[in-house]
Structures are given as structure tokens and as C-alpha cells.
Amino acid sequence: MKLHASSTQQYQTVTGYDENGVEINAQPYNYSLIVMPETPPRAWEVGSFEELTEAHFAQILADAPDVVILGTGERQRFVHPKLTAALTMRRIGVECMDSQAACRTYNILMGEGRKVTLALILAPGAGSAT
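Residues numbered from 1 in each chain as written. Predicted model: local features only at pLDDT ≥ 70, side-chain atom pairs only at ≥ 80, totals over all residues. Heavy atoms only, no water.

S.K.: So, unusual backbone geometry: which residues are in play, and what are the values?
M.R.: Phi angles above zero are rare outside glycine, and Ala26 is one such case at about 70 degrees. Counting through the fold element by element, Ala26 comes out in the loop between strand 2 (21-24) and strand 3 (27-29). When its relative accessible area of 56% is taken as the criterion, Ala26 is described as exposed. Unusually for a residue other than glycine, Ala64 sits at a positive phi of about 50 degrees. As for its position among the elements, Ala64 is in the loop between helix 1 (54-61) and strand 6 (67-71). (Helix = DSSP H or I, 4+ residues; strand = E, 2+ residues; numbered from the N terminus. Buried < 20%, exposed > 50% of the residue type's maximum accessible area, 1.4 Å probe, protein only.)

Structural data, given as C-alpha cells:
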């Protein structure tokens, strides 16, 4: 699905997604990544939901977002609270949702000026987004 392009390309906006990947500012990605409004997307070394560890969330904690939107793939899945305990202790919310809903929610929160992080789990080797 294509989304509307942002009128201000200075921010990292999800411009498209499908079951194989995501586009950030029309640039396709087919691997797990972390996206923040004012920082270029960066790879997130997560191959699958089952591989998530506390260390993966510690990478996000270093960015000190207000809220984390975790895209868990084709379906919504919930992480064990011990994995996100460090974020919770700092009053950083973590919302789990399927990846397409996560992309839409990230764009809404980013558009509201929130300090949001999109942590997106994408299968390695997936095709490009359309």
C-alpha cells in the first residue's frame, strides 16, 4: 500500500509497505530497522519476533523516545514485559501491533510532533516494498 508523501521530507516518513518490506521516504527496506523522525533509519539486528532480547530494546532506550511502536510482522504479538522493563522504568511506552498498523501509527504520532520510534521486524531477504 502506498501512503501519501510527506510535505516535509526532512522527517523519516513511512511512504509505503507490503508483506515484504517498507519504504521510508520512498527508499525500500527489506530488513528489520529502527526509524525515528529526525534520524536516518538504521538496521536492527532482529531476524524474527522469537529472537528479541533485552539487548534489542536497550538499543532503543539509548535514543530516549517517548513511545516505541513495535511492528511484530504479519500479526500482532506481545513481548514479555521483562524484555521492555528498562523502557518501562524510564516511562517509555511500548505498543505492539502488526507491522502495517505500526507503520500507520508511527506516521500519525510523528506528524503530531511526538518523539516516537518505530521498531520494525522484517524477515531477512524479503522483497522490496511497493
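S.K.: So what's going on with the pairing of strand 2? Residues and values would help.
M.R.: Of the two faces of strand 2, the one carrying Gly21 and Glu23 and the one carrying Val22 and Ile24 are both buried. Note: strand 1 (residues 14-18) against strand 2, four bridges, orientation antiparallel. Looking at the pairing, Gly16 lines up with Glu23 of strand 2. With antiparallel pairing between neighbouring strands as the criterion, strand 1 and strand 2 make up a hairpin whose turn holds two residues. In the sheet, strand 2 pairs with strand 3 via three bridges, with the strands oriented antiparallel. Along strand 3, the bridge assignment pairs Ile24 with Gln27. Between the antiparallel neighbours strand 2 and strand 3 lie two residues, among them Asn25 with a positive phi of about 50 degrees. (Pairing = 2+ DSSP bridges.)

S.K.: Pulling in residues and values, what's your account of the confidence of the model for the protein chain?
M.R.: Scored by pLDDT, the protein chain comes out at a mean of 89, with 88% of its residues at no less than 70. The element-level mean pLDDT for the protein chain is lowest in strand 1, coming to 93, with strand 8 (residues 116-120) highest at 98. Low pLDDT (under 50) marks residues 125-130, which in the prediction has 22 contacts with non-local residues, meaning those over four places away or in another chain. (pLDDT = per-residue confidence, 0-100. Contact = heavy atoms within 4.5 Å.)

S.K.: Describe the side chain of Ser99, and please don't skip the residues or the numbers.
M.R.: Secondary-structure assignment places Ser99 in helix 3 (residues 99-111). If we ignore the near neighbours within four places in the chain, the residues touching Ser99 are Gly71, Thr72, Gly73, Leu120 and Ile121.

S.K.: Describe the layout of surface pockets, naming the residues involved and giving the relevant values.
M.R.: One number sums up the size of the largest pocket: a volume of about 400 Å³. Residue lining of the largest pocket: 24 residues in total, with Glu19, Gly73, Glu74, Ser99 and Ile121 positioned closest to the centre. Contributing elements (two or more residues each) for the lining of the largest pocket: strand 1, strand 2 and helix 3. Residue composition of the lining of the largest pocket, grouped by class: nine nonpolar, eight polar and seven charged. (1 Å grid on protein atoms, 1.4 Å probe; cavity = no way out; pocket = protein on both sides within 12 Å on 5 of 7 lines; lining within 4 Å. Points joined across faces, edges and corners; volume = space filled by probe spheres on them. Nonpolar A, V, L, I, M, F, W, Y, C, P; charged D, E, K, R; others polar.)

S.K.: Break down the sheet that holds strand 5 (residues 39-43) for me, citing the residues and quoting the values.
M.R.: Reading across from one edge, 5-4-8-6-7 is the order of the five strands in this open sheet, with mixed pairing throughout. Two strands in the sheet have a free side with no partner beyond their single neighbour: strand 5 and strand 7 (93-97). Averaged over all pairs of adjacent strands, the angle between strand axes in this sheet comes to 15 degrees, irrespective of strand direction. One ladder, built from three bridges, connects strand 4 (residues 33-36) with strand 5; its direction is antiparallel. When the sheet's bridge partners are listed, Leu33 is paired in strand 5 with Ala43. This element, helix 3, spans strand 4, strand 6, strand 7 and strand 8 of the sheet and lies at about 165 degrees to strand 8. (Axes fitted to C-alpha atoms, helices over the stretch in contact; angles between N-to-C directions.)

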